[in-house]
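As a plain string of letters, each chain reads:
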Amino acid sequence: MSAQVEVQTFSFDSISQEAVAKAVALYPPGKQMSAVKALLDIAQRQMARLTGVAWVPQAAMDAIARHLGVAPIRVYENATFYTMFNTKPVGKYHLQVCTTTPCWLRGSDDIVNACRSATGIASFGQTSEDGLFTLTEVECLGACVNAPILQINDDYYEDLDAVRIEKLLDGLKTGGALPPAGSTIGRQTSAPIANQTTLLPANGQAE
Ligand code: FES
């Protein structure tokens, strides 16, 4: 999917306007710039809701700058710094692979290769020919204890390996829905994979 999408104008719709008002009201007068990331997120979600593609066109950044009364560059620098904001259109499923050290030690290279082979995407930042997937490399997602982690849209898929990620992506390619988020090996939240190892009673046996 290489077609360049032009968006000339952007304005918050009624659903977004309500969310914007709430976000800006969290900050004292004169500090409304602090709501910039919330407004970028609201704009991206509006684009997803109305067009099916979650991204923030420059027209939306300019609208945010006008709303906050700041120079556009103050919004651009936030939108381009955080990988959670897409400054160009992405596929229906945005695959965000963490390759920071804990995930790397736990096999993130395998996850990257599995994503590439299942989607046909050659490099990070690209979208598959069918427009279904975009592959992005991200820094620590804050879920290292269940590494390696792949974020798909808003959800985390944890304790992954190549076989499980290929099965998950094959399901999406054939029109299936995203499976429940979380551990893919049935681990309860971040509990030990095997038996309880801490906070044991004096006899050393888990209850
Ligand atoms: S290093 Fe991957 S979630 Fe922290």
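Residues numbered from 1 in each chain as written. Predicted model: local features only at pLDDT ≥ 70, side-chain atom pairs only at ≥ 80, totals over all residues. Heavy atoms only, no water.

Let's shift gears to the domain arrangement of the protein. Annotation of the protein at the domain level lists domain 1 (14-81) and domain 2 (93-183). Computed over C-alpha atoms, the centres of domain 1 and domain 2 are 27 Å apart. (Domains from an automatic or database assignment.)

Where strand E3 (residues 150-152) lies against strand E4 (residues 155-158), three bridges are found, and the strand directions are antiparallel. Bridging from a neighbouring strand, glutamine 151 pairs with tyrosine 156 of E4. Counting the residues between successive antiparallel strands, the hairpin from E3 to E4 contains two residues, one of them, asparagine 153, with a positive phi of roughly 55°. In the sheet, E4 pairs with strand E5 (residues 182-183) via two bridges, with the strands oriented parallel. Paired with tyrosine 157 across the strands is glycine 182, a residue of E5. (Pairing = 2+ DSSP bridges. Helix = DSSP H or I, 4+ residues; strand = E, 2+ residues; numbered from the N terminus.)

This part covers the environment of valine 145. Summarising the element assignment, valine 145 is placed in the loop between strand E2 (133-138) and E3. Beyond its immediate chain neighbours, meaning those up to four positions away, valine 145 contacts Arg187 and Ser190. (Contact = heavy atoms within 4.5 Å.)

Here the focus is the packing of aromatic side chains. Counted by the stated rule, this structure contains four aromatic pairs. With 5.3 Å between their ring centres and 85° between their planes, phenylalanine 10 and phenylalanine 12 make a pair best called edge-to-face. Accessibility classification places phenylalanine 10 together with phenylalanine 12 in one group, the buried group. Here the aromatic rings of phenylalanine 81 and tyrosine 82 are separated by 4.9 Å at their centres, their planes lie at 85°, and the arrangement is edge-to-face. Judged by relative accessible area, which is 27%, tyrosine 82 ranks as partly exposed. Within the aromatic cluster, the residues linked to one another by ring pairs are Phe81, Tyr82 and Phe85. Its end group placed over the ring of phenylalanine 124, arginine 116 keeps NZ or CZ at 5.5 Å from the ring centre. (Phe/Tyr/Trp six-rings, centres within 6.5 Å; stacked < 30°, edge-to-face > 60°. Buried < 20%, exposed > 50% of the residue type's maximum accessible area, 1.4 Å probe, protein only. Lys NZ or Arg CZ within 6 Å of the ring centre and 35° of its normal.)

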